[in-house]
Amino acid sequence: MPLKHVDLVIEAASENLEAKKTIFQRLDELVRPDAILATNTSGLSVNALAAATRNPGRVVGLHFFN
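Residues numbered from 1 in each chain as written. Predicted model: local features only at pLDDT ≥ 70, side-chain atom pairs only at ≥ 80, totals over all residues. Heavy atoms only, no water.

Draft legend 1. Local environment of the side chain of T39. One can find T39 in strand β2 (residues 36–39). With relative accessibility at 0%, the residue T39 sits in the buried group. Once residues lying within four places of it in the same chain are set aside, the contact partners of T39 are E11, K20, F24, V46, L49, V60, G61, L62 and H63. (Helix = DSSP H or I, 4+ residues; strand = E, 2+ residues; numbered from the N terminus. Buried < 20%, exposed > 50% of the residue type's maximum accessible area, 1.4 Å probe, protein only. Contact = heavy atoms within 4.5 Å.)

Draft legend 2. How the structure looks around the sheet that holds strand β3 (residues 59–61). Strand order in the open sheet formed by three strands is β1-β2-β3, and the pairing between neighbours is parallel. With partners counted over all chains shown, the strands left at the sheet margins are β1 (8–11) and β3, one partner each. Averaged over neighbouring strand pairs, the angle between their axes works out to 25° when direction is ignored. (Pairing = 2+ DSSP bridges. Axes fitted to C-alpha atoms, helices over the stretch in contact; angles between N-to-C directions.)

Draft legend 3. Summary view of the nonpolar core. With 10 residues, the main nonpolar core is built from V9, F24, L27, V31, A35, L37, L49, A50, A52 and V59. Elements that contribute at least two residues to this core include exactly α1 (17–30) and α2 (46–50). Residues within four places of V59 in sequence aside, it is in contact with F24, L37, V46, A50 and T53. (Core = buried A, V, L, I, M, F, W, Y, C linked by side-chain atoms within 4.5 Å.)

Draft legend 4. Geometry of α1. In this model α1 runs 20 Å from its N-terminal to its C-terminal C-alpha over 14 residues, within 8% of the 20 Å that 1.5 Å per residue would give. Against β1, β2, α2 and β3 lie the buried residues of α1. The distance from a side-chain oxygen at the start of α1 to the backbone nitrogen of E18 is 3.1 Å, and the residue carrying that oxygen is N16. (Expected span 1.5 Å × (residues − 1). Polar contact = N/O pair within 3.5 Å; in protein donor to acceptor, adjacent residues only side chain to side chain.)

As structure tokens, this is what we get:
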């Protein structure tokens, strides 16, 4: 599986908490345990997204600005 080899995944879905939580739950199953999961959210709680994973400490906010 390709995602088992990545170091970092950056999620950039629309600002919908439930949709993003679903993405993070699925990523948590697909990537290796030490991979960093990043969100590009500008307004949602990173902690809420992190809580959807088994290891919230690997979830970070990484918002891109113009």
